[in-house]
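# Observations on the model geometry
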Amino acid sequence: MAAGAPRVFVSHLSGVPVFDPNGDQVGRVRDLVAMLRVGGRPPRILGLVVEVVSRRRIFLPMTRVTGVESGQVITTGVVNMRRFEQRPTERLVLGEFLDRRVRLMESGTEVTVLDVAIQQLPARRDWEIDKYFVRKGRGGALRRKGETLTVEWSAVSGFSLEEHGQGAENLVATFERLRPADVANALHHLSPKRRVEVAAALDDDRLADVLEELPEDDQVEILGKLKEERAADVLEAMDPDDAADLLSELPEEDKERLLMLMRPDDAADVRRLMAYEERTAGGLMTTEPIVLRPDATVADALARVRQSDLSPALAAQVYVCRSPDETPTGKYLGTVHFQRLLRDPPFALVSSIVDSDLVPLRPDTPLPTVTSYLAAYNLVSAPVVDESGSLLGAVTVDDVLDHLLPEDWRETDFHGEGGTRHGRT
């Protein structure tokens with residue numbers, strides 16, 4: 001861990017309020033969700049269990065937590081209000097880790113866990129268990145006798161998985177080290193029963209990333225085996241264009257039922273994409289490029305580009321548009337490429353360095369023309385604009401390649417030693 005990275009003891013989080021960016025209280029923290037890992041790695045914190053006003057308990061991923069400080073938790077905004085259901089691979093830190101009897105690795109001494117410290121990884125939103133506060137001797141947390149000490153996570157046995165075993169828990173923990181494309185390749189070669197078991201054990205964001213890399217038949221099979229509410233959650237976590245492609249493979253009644261279960265904003269994006277022909281710019285595009293208003297600064301743009309959940313292709317440029325700044329936007333003004341952002345001072349306005357020379361793509365532009373456009377101008381992403389001049393989305397080179405390669409390319413053994421394919425890390 002880097003020095004100075006935030007560290008929090010979980011007992012201090014119990015009951016603290018959770019706020020959205022506007023200062024409105026969402027609920028209160030009731031527990032933390034962790035996943036054990038193999039290879040001597042510390043347990044990873046997946047998210048928080050938050051009790052909302054209705055006393056319903058929901059899951060808040062750590063990727064949507066922007067601050068844990070001053071007795072409060074700040075989120076990015078929109079939260080999923082569906083009831084939290086613990087999965088086989090998940091552990092509740094307050095409910096299952098505290099008061100647990102474990103042993104110190106060096107001496108074999110039995111100790112009781114009184115508290116757990118979590119720490120944020122440098123420059124990321126990922127959190128891991130960092131230290132344990134323990135009491136020597138037998139007895140629960142309320143016992144006053146016995147020496148107390150704070151130890152590194154690696155000094156305690158009892159919070160890691162063995163490398164062997166058939167359970168999905170072990171296999172999922174092993175997959176955590178892999179890129180989504182590599183997990184997809186492994187899943188594809190499992191038996192149908194095992195593939196569904198492992199997919200069900202993945203968290204929503206991870207499963208969404210993996211589904212995007214699987215052949216269509218596997219996608220449909222896995223989605224069909226999930227509970228409908230869980231399937232809707234996973235579709236929300238997918239890129240809208242990939243979710244639209246997957247839903248288009250389903251029977252009409254199944255497709256409509258899942259769209260109705262999705263959040264209205266997410267469902268609206270997917271419906272909009274499904275209205276376009278598949279092999280056109282509109283059918284290929286994502287509706288979530290980086291959009292900035294003309295008065296945004298270079299510093300604002302770089303902050304958006306640094307977001308860890310962006311693909312490299314989407315992070316390569318920002319699109320400058322008048323309000324509203326969500327697709328479909330106001331008037332599209334042009335593009336600012338990442339290299340230009342690095343050359344200009346942080347206080348410069350993006351409107352002063354915008355590239356407006358290239359004519360954007362129309363949503364009905366056919367795939368061969370989109371391919372030629374990207375190749376001719378050496379682009380990894382291109383804007384898609386409607387007749388009124390509003391930005392609808394962006395076509396990225398990875399989505400174009402998906403449609404240019406043979407249909408069975410995902411089933412090809414493309415993994416050499418140390419080799420990987422594109423994918424989010």
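Remember, predicted model here, so these are calculated numbers, not experimental data. (Residues numbered from 1 in each chain as written. Predicted model: local features only at pLDDT ≥ 70, side-chain atom pairs only at ≥ 80, totals over all residues. Heavy atoms only, no water.)

## Looking at the pattern of salt bridges
Between side chains of opposite charge, a pair can form as their charged atoms come close. On inspection of all chains with the given rule, the structure shows 22 salt bridges. Put simply, Asp130 and Arg7 hold a salt bridge, and the shortest N to O gap is 2.4 Å. Placement of Asp130 in strand β11 (residues 127-136) and of Arg7 in strand β1 (residues 7-9) is noted, with a sequence separation of 123 residues between them. For Asp130, a relative accessible area of 5% corresponds to the buried category. When its relative accessible area of 41% is taken as the criterion, Arg7 is described as partly exposed. (Salt bridge = Lys/Arg side-chain N within 4 Å of Asp/Glu carboxyl O. Helix = DSSP H or I, 4+ residues; strand = E, 2+ residues; numbered from the N terminus. Buried < 20%, exposed > 50% of the residue type's maximum accessible area, 1.4 Å probe, protein only.)

## Digging into the packing of helix α7 (residues 228-237) against helix α9 (residues 252-261)
With their axes 9 Å apart at the nearest point, α7 and α9 run at an angle of 75° to one another. One finds that α7 runs roughly perpendicular with respect to α9. Residues Glu228, Glu229, Ala231, Ala232, Leu235 and Glu236 of α7 pack against Arg257, Leu258 and Leu261 of α9. (Axes fitted to C-alpha atoms, helices over the stretch in contact; angles between N-to-C directions. Parallel < 35°, antiparallel > 145°, perpendicular 65-115°, else oblique. Contact = heavy atoms within 4.5 Å.)

## Details of the packing of aromatic side chains
Summed over the entire model, instances satisfying the criterion amount to 3 aromatic pairs. Both rings, one in Phe59 and one in Phe84, keep their centres 6.2 Å apart while their planes meet at 25°; by these two values the pair is stacked. Taken together, the residues Phe59 in strand β5 (residues 57-61) and Phe84 in the loop between β7 (72-75) and β8 (90-92) connect sequence positions 25 residues apart. We classify Phe59 as partly exposed; its relative accessible area is 23%. The class for Phe84 is buried, based on a relative accessible area of 17%. Residues Tyr373 and Tyr377 carry aromatic rings whose centres are separated by 5.3 Å and whose planes lie at 70° to one another, so their mutual orientation is edge-to-face. Relative accessible area serves as the criterion here: at 44%, Tyr377 is assigned to the partly exposed category. (Phe/Tyr/Trp six-rings, centres within 6.5 Å; stacked < 30°, edge-to-face > 60°.)

## Some words on the sheet that holds strand β16 (residues 332-337)
Judged by pairing direction, the sheet is mixed, and its 3 strands sit side by side in the order β14-β15-β16 without closing on themselves. In this open sheet, the two strands that pair with only one neighbour each are β14 (291-292) and β16. Two strands pair when backbone bridges link them, and β14 and strand β15 (residues 317-321) are joined in this way by 2 bridges, in the parallel orientation. Its bridge partner lying in β15, Leu292 is registered against Val320. (Pairing = 2+ DSSP bridges.)

## Topic: the nonpolar core
Generally speaking, soluble globular proteins have nonpolar side chains that are buried together. Membership of the largest hydrophobic core comes to 53 residues, with the highest contact counts inside it found for Leu207, Leu223, Leu235 and Val395. If we skip the residues at most four places from it in the chain, Leu223 touches Ala231, Leu235, Leu246, Leu250 and Leu258. In terms of nonpolar packing, the next biggest core, distinct from the first, is built from 37 residues, Leu32, Val52, Val79 and Val116 among them. (Core = buried A, V, L, I, M, F, W, Y, C linked by side-chain atoms within 4.5 Å.)

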